[in-house]
Structure formats: C-alpha cells, structure tokens
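Structural description and commentary
Chain by chain, the residues run as shown.
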Amino acid sequence: MAAIGQNTRLVKQQPPYRIGGDVTAPVVVYKTEPQYSDEARIATMEGTATIAAVVGEDGVPRDLRVTRPLGLGLDDKALTAAQNWRFRPGMKAGLAVPVSATIQVNFRRLRPPDRGT
C-alpha cells in the first residue's frame, strides 16, 4: 500500500490577477437571487451588500468576504447567493485566469404595482 502523499504533487494556486490592462473582468452567466432574512423583511430593509471574491479559471467564486455589510442577517444571505453565481472567467492572453472581483448583491423588496388612483 502506498503511503499517503506518495506520488502526489502540491499544486500551487496562482495569485489572482487584477482587472485592467490585458486582464478582462469575469462576466456573470448565472446568478441566484438572495433570500431575505426574517429580521430584514420585518424592518423592510433594502440595500446592496458588497463582496470581495476571487473568480477562478473555472468561473466559480471563492474566498468570498463581505466588504460592505448591510446587517440584519443579509450579509450571510448575500454570501450564500454569491457562492452559487457562475461567471465566464477573466482572461489574460487568451487564457482563463483567477481574477479579484467585486460582487454586488442587491436586496430589493417587491412592491405592488401602481394602480394609478
């Protein structure tokens, strides 16, 4: 039996690129809408949570962290939604590369249509 770790290589993860110059931004191809927390629904809160992330070569966001919080449980809901988003990855010289990105998750309450009274 082979020892654990034998014949395996450690793959060093490439640090993320910054958007600009010859590095293109990732593009959202699929996103899920965030759920409201009960506390935010009761408070009728709206706003945008901002999340820093790295979008990998596979278009999957990782290393997510909230950089502009909303509170009332919405930050966790924003992280949960953003983890499910998928992107066309950022590109450099025609190759997909990991890119630092900012994700904005909007919380907007649905309003009944205006009846034009």
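Before any of the text, the structure's been laid out above.
What you are looking at is a predicted structure, and each value in this text was computed from that prediction instead of being measured.

Describing the overall build of the chain
Helix and strand counts for the chain come out as 2 helices and 7 strands. Along the chain direction, N to C, the helices and strands of the chain fall in the order β-α-β-β-α-β-β-β-β. By residue count, 32% of the 117 residues in the chain fall in the buried class. Sequence-distant contacts in the chain: of pairs separated by 6 or more residues, those separated by 24 or more amount to 73%. A total accessible area of about 8,300 Å² is found for the chain, and carbon and sulfur atoms account for 52% of it.

Things to note about the sheet that holds strand 3 (residues 61–68)
Adjacent strands of a sheet pair through backbone hydrogen bonds, lying either parallel or antiparallel. Sheet architecture is open: 3 strands sit in the order 3-2-7, paired in antiparallel fashion. Because the sheet does not close on itself, it has two edges, and the strands there are strand 3 and strand 7 (99–107). Looking at each pair of strands side by side, their axes are set apart by 30° on average, direction ignored. Looking at chain direction, strand 2 (residues 47–55) and strand 3 are connected through 5 bridges and run antiparallel. For Ile 51, the partnering residue across the bridge sits in strand 3 and is Val 66. On the sheet, helix 2 (residues 74–83) packs against strand 2, strand 3 and strand 7 and is oriented at approximately 150° with respect to strand 3.

Side note on the layout of surface pockets
A volume near 160 Å³ is recorded for the largest pocket. In terms of lining residues, the largest pocket is bounded by Lys 31, Thr 32, Glu 33, Pro 34, Tyr 36, Trp 85, Gln 104, Val 105, Asn 106, Phe 107 and Arg 108. Class assignment of the residues belonging to the lining of the largest pocket gives a composition of 5 nonpolar, 3 polar and 3 charged.

Observations concerning helix 2
Of the positions making up helix 2, those classed as buried are Leu 74, Asp 75, Ala 78, Leu 79, Ala 81 and Ala 82. Along the axis of helix 2, the buried residues cluster in a sector spanning 165°; they form a single face. Those residues of helix 2 that are buried lie in contact with helix 1 (38–42), strand 2, strand 3 and strand 7.

The rules behind these values
Residues numbered from 1 in each chain as written. Predicted model: local features only at pLDDT ≥ 70, side-chain atom pairs only at ≥ 80, totals over all residues. Heavy atoms only, no water. Helix = DSSP H or I, 4+ residues; strand = E, 2+ residues; numbered from the N terminus. Buried < 20%, exposed > 50% of the residue type's maximum accessible area, 1.4 Å probe, protein only. Contact = heavy atoms within 4.5 Å. Areas by Shrake-Rupley, 256 points an atom, 1.4 Å probe, with all protein chains shown as cover. Pairing = 2+ DSSP bridges. Axes fitted to C-alpha atoms, helices over the stretch in contact; angles between N-to-C directions. 1 Å grid on protein atoms, 1.4 Å probe; cavity = no way out; pocket = protein on both sides within 12 Å on 5 of 7 lines; lining within 4 Å. Points joined across faces, edges and corners; volume = space filled by probe spheres on them. Nonpolar A, V, L, I, M, F, W, Y, C, P; charged D, E, K, R; others polar. Arc of directions from axis to C-beta.

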